[in-house]
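Single-letter residue listing:
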Amino acid sequence: MQIREVVSEALKEKYYEIEHSSGLRIFVWPKEGYNSTYAVFGTPFGSICNNFIANGENITVPDGIAHYLEHKLFESEEGDAFTLYASTGANANAYTSFEKTCYLFSCTEQFERCLEILLGFVSSPYFTDETVAKEQGIIGQEIRMYEDSPEWRVMFNMLRAMYVNHPVRIDIAGTVETIAQITPEKLYTCYNSYYNLNNMALTVVGNVTLEQVTSICDRLLKPSDKVNVETIFPEEPYEVSKHYVEQKLSVTMPIFNLGFKCKADAPLTEEQIAYTDILLFLLASSTSPMYRELLDKGYINASFSYDQFTGPGFYSIFFSGDSREPKKVEEFIKNYICKLREEGISEEDFENARRATYGDALSSFNSVETIANLMEDMYFSGRDIFTYYNAIASATREDIERRLHEILDINNTTLSVIVGE
Amino acid sequence: MNTVDRREIAKGVNFTAVADSRFKTMNICATALVPLNKDTVSTYALLTQVLSRSCAQYPDFTALSRKLSALYGASLTAGVRKLGESLALTFSISGIDDSFALTKESISEELSQLLCSVIFEPFFTDGAFDTNEVEQERRQLIDTVDSEVNDKRAYVNTRLIEIMCADEPYGVRRCGTAQSIRAVTGEDLITAWKNMLHSATFEIFYVGQSCADTARNVFTEKFSSLERDLFELSTVIVPRAASVLEHTECMEVAQSKLMLGYRSEEAGEDKGVTAVRLMCAILGGSANSKLFKNVREKQSLCYYCVSRFHRAKGIMTIESGVESASIDKAKKGIQAELDAIRQGDVTEDEIRFAKLSVINDFISLYDTIGGIREWYLSQLGYSSIQSLEECIADFESITKEEIVEAANKMSLDTVYVLTSK
């Protein structure tokens, strides 16, 4: 077992990274004075992993299976994990995203017991025809709920129109039709391929010591054979598939999502993410002249926001919010990007953006939940949290100007709109 | 870990400083409580937006935004929420702790002055709020009201309360309606602003590492020049429902929503309130609750089914997302679970697990700035503020008999359904 202490003097924080003898990567981040402990146990199996090669065999699985598996893993022959957690008072949950599935809990007592439960049930798959059939109704309802959500739909419609082949265009929960094809055998195939300790990571943050975590992992986790699993992605062109998509829903206020598709041939570095965060603040926060113009003309309101969206084989930048004139918003954003490229970025604007991004990143470290989920995300993306933070603090105006010329291709966008019926 | 210093700094103005060394950021939140009624609610809602947009010191929206970003991305937000039949106008400013500033600046001092400036020194042209500013915020507030229909889960919660409490102030929407927002005049806003300063009960919270003295002094000085004559604040409790009102609304939705509203006979600081809160947790407050285990898991009737107690008003709401074909079955299923508790069908384990879960949530709250503030805010208007330890002891003392009694005090008042035609 290898233990490495990772310190940030600037942030006054430190964590431990452990390469456990079982193959599991573990992060322990004690936070002094905190009463709660937050643990996340994740695997890089998400909605985009619908085609993979495991131990030499090429396998395709139905859309929505990663999310289905997440639901089913809570069950065992004896009952379900929630029942086990009940006597600890812990608040437990899980989520499936595009590139990973995470199982988590937050507790204020009996941490060791909670961690035993977490490691136990995630390591003990139990799928039968009966238990698989039962979930169809519940997940069917979950899918229906998201069909009604304008925020969900505006983003997924955008992804579907932006990406030609990449599975990021698929709804995370799949559809009622695709989940009907899920069987216990397919669940076991996915589980055995991806839920292998050598692929997984455990992060624990808050009221915890290194020894608490390592002693439980030493006791419960046995080394397992590596499974060679590789997710296969189809060729994805640089160009978007469609520039515009619209859907009618029961909304009184229309919403939009404008996506810029970016090159995704290599994983992003911490510097690239940091410089893009600073750039986006400069471009589109409430400090920007573009924001002010859009606001004064009545085209946006305080819901206007922006984000980077990235994972294996995909990278895009979103601008979204409420608007009754989304095409005008698109026009303004593109014009401003061109203007900024021509005129350059002032030192004052850059410094404000850097400070604001620094302050925003700093506030993440208040929350055990935010730190834990960020650590899992960073690990599976091959990035480091302190490196990202330092990249913000040491960024220069030239770094941001260079970034402005590397991304945001105004000819490679998809505008997704949800309007009322 | 933290110390609490609560003082009355003017008539009806409390300043609570929570010194907490754990967080990298600080927050000051000033809450003004005024009576909730349909004639003034939109004026107050619009007032909070107009006040937080600019101030005498920074009379332009972009200038204020830029000042905040220079202070490491400090954020200033304002809004309204209902606390029983009072309307809480909140003005909140957050920023990094002084010790993390890259150069030697006192962020907290600047932020407390800015917050005071926003509340006490608005930007006026010719003695009135600037017309253009008002129109900009009016438009955005109407957008906010319109967008509340977009989030179906939030929408049905609003509708249930609106229907159930149609003849009570609690039924008023927190921003009013688009129509009442359009009707607000400049004179209305000035009157509301003056009323707020002279007659609202204020609660000011400071949470952070740095000393609160400067912030406290700034607010004390501002209030010292004001004559204060306080509003009477009260909430009318309707102990029992006279009859059951059933209301169905049609909208194109993929998932139907079923809402049940109950009157509880206990509210606020009543002796029986803790038992009601615990009963509500047993019924539908977690993944080990009766509603989750039986209505969702066993019967697969819905994706979510949760209960919530509106303590200030003495109302319990149960909300669920269901297939339209299952609405009647879900309604019966939900009522059966409450009936079970009424008949004493609640085990020692269920009680113990609910206590652990509720206590876990309370303790975890204290690990976030927002949670600490919420702890105090949720007890505003009560004769004393209960500490975390007192609250835990209170919950632990509740017996099965008290829980059964609490369930028997519940009377069904309103059933609201949102479904497709």
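Definitions and cut-offs
Residues numbered from 1 in each chain as written. Chains lettered and ligands numbered in written order. Predicted model: local features only at pLDDT ≥ 70, side-chain atom pairs only at ≥ 80, totals over all residues. Heavy atoms only, no water. Helix = DSSP H or I, 4+ residues; strand = E, 2+ residues; numbered from the N terminus. Rg over C-alpha atoms; globule rule 2.2 N^0.38 Å. Buried < 20%, exposed > 50% of the residue type's maximum accessible area, 1.4 Å probe, protein only. Contact = heavy atoms within 4.5 Å. Salt bridge = Lys/Arg side-chain N within 4 Å of Asp/Glu carboxyl O. Polar contact = N/O pair within 3.5 Å; in protein donor to acceptor, adjacent residues only side chain to side chain. Disulfide = S-S within 2.5 Å. Core = buried A, V, L, I, M, F, W, Y, C linked by side-chain atoms within 4.5 Å. Pairing = 2+ DSSP bridges. Axes fitted to C-alpha atoms, helices over the stretch in contact; angles between N-to-C directions. 1 Å grid on protein atoms, 1.4 Å probe; cavity = no way out; pocket = protein on both sides within 12 Å on 5 of 7 lines; lining within 4 Å. Points joined across faces, edges and corners; volume = space filled by probe spheres on them. pLDDT = per-residue confidence, 0-100. Parallel < 35°, antiparallel > 145°, perpendicular 65-115°, else oblique. Left-handed = near helix turned anticlockwise from the far one by under 90°. Nonpolar A, V, L, I, M, F, W, Y, C, P; charged D, E, K, R; others polar.

S.K.: What's the story with the overall build of chain A in this structure? I'm lost.
M.R.: What chain A contains, in helices and strands, is 15 helices and 17 strands. Over its C-alpha trace chain A gives a radius of gyration of 22 Å, about what one expects of a compact globule, namely 22 Å for 421 residues. Its C-alpha atoms give chain A principal-axis dimensions of roughly 60 × 50 × 40 Å. Burial status across chain A gives 59% buried among its 421 residues.

S.K.: Sorry if this is basic, but what is going on with the interface of chain B and chain A here?
M.R.: A common measure of how large an interface is: the accessible area buried when the components associate. Taken residue by residue, the interface counts 59 residues in chain B and 65 residues in chain A. Between the two partners, chain B and chain A, sit seven salt bridges. In this structure, the salt-bridge partner of Asp349 of chain A is Arg66 of chain B, at a minimum N-O distance of 2.5 Å. Applying the counting rule to chain B against chain A returns 37 residue pairs in polar contact (both at pLDDT 80 or more).

S.K.: I tried to follow the state of the cysteines on my own but got confused; where do I start?
M.R.: One way to say it: the disulfide is the covalent bond shared by the sulfur atoms of two cysteines. Per the stated rule, a full pass over the model turns up zero disulfides over all chains. A disulfide-free cysteine, Cys190 of chain A has its sulfur positioned 9.0 Å from the sulfur of Cys49 of chain A, the nearest such atom. On the basis of relative accessible area, Cys190 of chain A is assigned to the buried category, the value being 0%. There is no disulfide at Cys175 of chain B, and the cysteine sulfur nearest it, in Cys29 of chain B, is 16 Å away.

S.K.: Help me understand the nonpolar core in this model?
M.R.: Generally speaking, soluble globular proteins have nonpolar side chains that are buried together. Formed by 198 residues in total, the largest nonpolar core has its most connected members in Phe319 of chain A together with Met196 and Phe219 of chain B. The element contributing the most residues to this core is helix H9 (residues 270–284) of chain A, with ten residues. Apart from the residues within four sequence positions on either side, Phe319 of chain A is in contact with Phe256, Asn257, Leu258, Phe260, Leu280, Leu283, Ala284, Phe304, Ser305, Tyr306, Ile333 and Leu408 of chain A. One finds Leu69, Phe74, Leu119 and Leu197 of chain A within the second-largest nonpolar core, a separate group that totals 74 residues.

S.K.: How should helix H14 (residues 385–393) of chain A be read in this particular structure?
M.R.: Since the α-helix turns once every 3.6 residues, residues separated by three or four places project in the same direction. Within the span of H14 of chain A, buried status applies to Ile385, Phe386, Tyr388, Tyr389, Ala391 and Ile392 of chain A. Measuring from the backbone nitrogen of Phe386 of chain A back to the side-chain oxygen at the start of H14 of chain A gives 3.3 Å, which picks out Asp384 of chain A as the cap.

S.K.: Mind showing me how you'd approach the side chain of Ser199 of chain B here?
M.R.: Tracing the backbone through its elements, the reader meets Ser199 of chain B in helix H7 (residues 186–199). Separated by 2.8 Å, the side chain of Ser199 of chain B and the backbone oxygen of Asp229 of chain B make a polar contact.

S.K.: Hey, could you run me through the sheet that holds strand S17 (residues 413–420) of chain A in this one?
M.R.: Picture the strands of a sheet paired through backbone hydrogen bonds; they go either parallel or antiparallel. All names here are of chain A. An order of S13-S17-S14-S16-S15 is seen for the five strands of this open sheet, with the pairing classed as mixed. Whereas interior strands pair on both sides, the edge strands pair on one side only; in this sheet they are strand S13 (244–249) and strand S15 (305–311). Strand-to-strand twist of the sheet, defined as the mean angle between neighbouring strand axes without regard to direction, takes the value 20 degrees. Both S13 and S17 contribute to a ladder of six bridges, which runs parallel. Looking at S17, one finds that Lys248 is bridged to Val419.

S.K.: Hey, could you run me through the pattern of salt bridges in this one?
M.R.: All chains considered together, the criterion is met by 62 salt bridges over all chains. Glu406 of chain A is paired through a salt bridge with Arg402 of chain A; the nearest N and O atoms lie 4.0 Å apart. In this pair, Glu406 of chain A and Arg402 of chain A are both assigned in helix H15 (residues 397–406), four residues apart and thus about one turn of the helix distant. For Glu406 of chain A, a relative accessible area of 47% puts it in the partly exposed group. The partner of Arg216 of chain B in a salt bridge is Asp5 of chain B, and the shortest N-O contact between them spans 3.4 Å. With Arg216 of chain B in helix H8 (residues 213–224) and Asp5 of chain B in strand S1 (residues 2–10), the pair connects residues that are 211 residues apart, well separated along the chain.

S.K.: For this particular structure, what's the right way to read empty space enclosed by the protein?
M.R.: The method is simple in principle: a probe with the dimensions of a water molecule rolls over the atoms, and the space it marks as empty is what remains. The tally for this structure, following the rule as stated, stands at three cavities of 30 Å³ or more. Forming the walls of the largest cavity are Leu282, Thr287, Ser288, Pro289, Tyr336, Asp349 and Asn352 of chain A together with Arg66 of chain B.

S.K.: Would you mind showing me how to read the confidence of the model for chain B here?
M.R.: Interpretation of this model should avoid reading the predicted coordinates in detail wherever pLDDT is low. On average, residues of chain B carry a pLDDT of 95, and 100% of them reach 70 or more. Two numbers describe this predicted complex: its pTM, 0.96, and its ipTM, 0.94.

S.K.: Sorry, what's going on with the packing of H9 of chain A against helix H12 (residues 347–364) of chain A here?
M.R.: Helix-helix packing is described using two parameters, namely the angle between the two axes and the distance between the axes. Residue and element names in this part refer to chain A. Where H9 meets H12, the axes come as close as 9 Å, and the angle between the chain directions of the two elements is 120 degrees. Of the possible angle classes, the one that applies to H9 and H12 is oblique. By crossing handedness, the relation of H9 to H12 is classed as right-handed. Judged by residue contacts, Asp277, Ile278, Phe281 and Leu282 of H9 engage Asp349, Phe350, Asn352, Ala353, Arg354, Ala356 and Thr357 from H12.

S.K.: Even after reading the chapter, I still don't get the packing of H12 of chain A against H14 of chain A, so can you show me in this structure?
M.R.: Residue and element names in this part refer to chain A. Remark: H12 packs on H14, axes separated minimally by 9 Å, with the N-to-C direction vectors making an angle of 155 degrees. By the angle class used here, H12 and H14 are roughly antiparallel. For the pair H12 and H14, the sense of crossing is left-handed. Facing H12, whose interface residues are Arg354, Thr357, Tyr358, Ala361 and Leu362, H14 presents Tyr388, Tyr389, Ile392 and Ala393. Grouping the amino acids of the contact of H12 with H14 by side-chain chemistry returns seven nonpolar, one polar and one charged.

S.K.: Help me understand the sheet that holds strand S12 (residues 315–322) of chain B in this model?
M.R.: Read across the open sheet, the five strands follow the order S9-S13-S10-S12-S11 (chain B); overall the sheet is mixed. Each having just a single partner strand, strand S9 (245–250) and strand S11 (302–310) of chain B make up the two edges of the open sheet. Taken over all neighbouring pairs, the strand axes of this sheet differ in orientation by 15 degrees on average, direction set aside. Sheet topology places strand S10 (residues 256–263) of chain B next to strand S13 (residues 411–419) of chain B; seven bridges connect them, and they run antiparallel. Across the sheet, the residue bridging to Tyr262 of chain B is Leu412 of chain B, located in S13 of chain B. Against the sheet, helix H4 (residues 129–147) of chain A makes contact with S10, S11 and S12 of chain B, and its axis sits at roughly 70 degrees relative to S11 of chain B, the strand it touches most. Where helix H11 (residues 327–342) of chain B meets the sheet, its contacts fall on S9, S10, S11, S12 and S13 of chain B, and the angle it forms with S10 of chain B comes to roughly 30 degrees.

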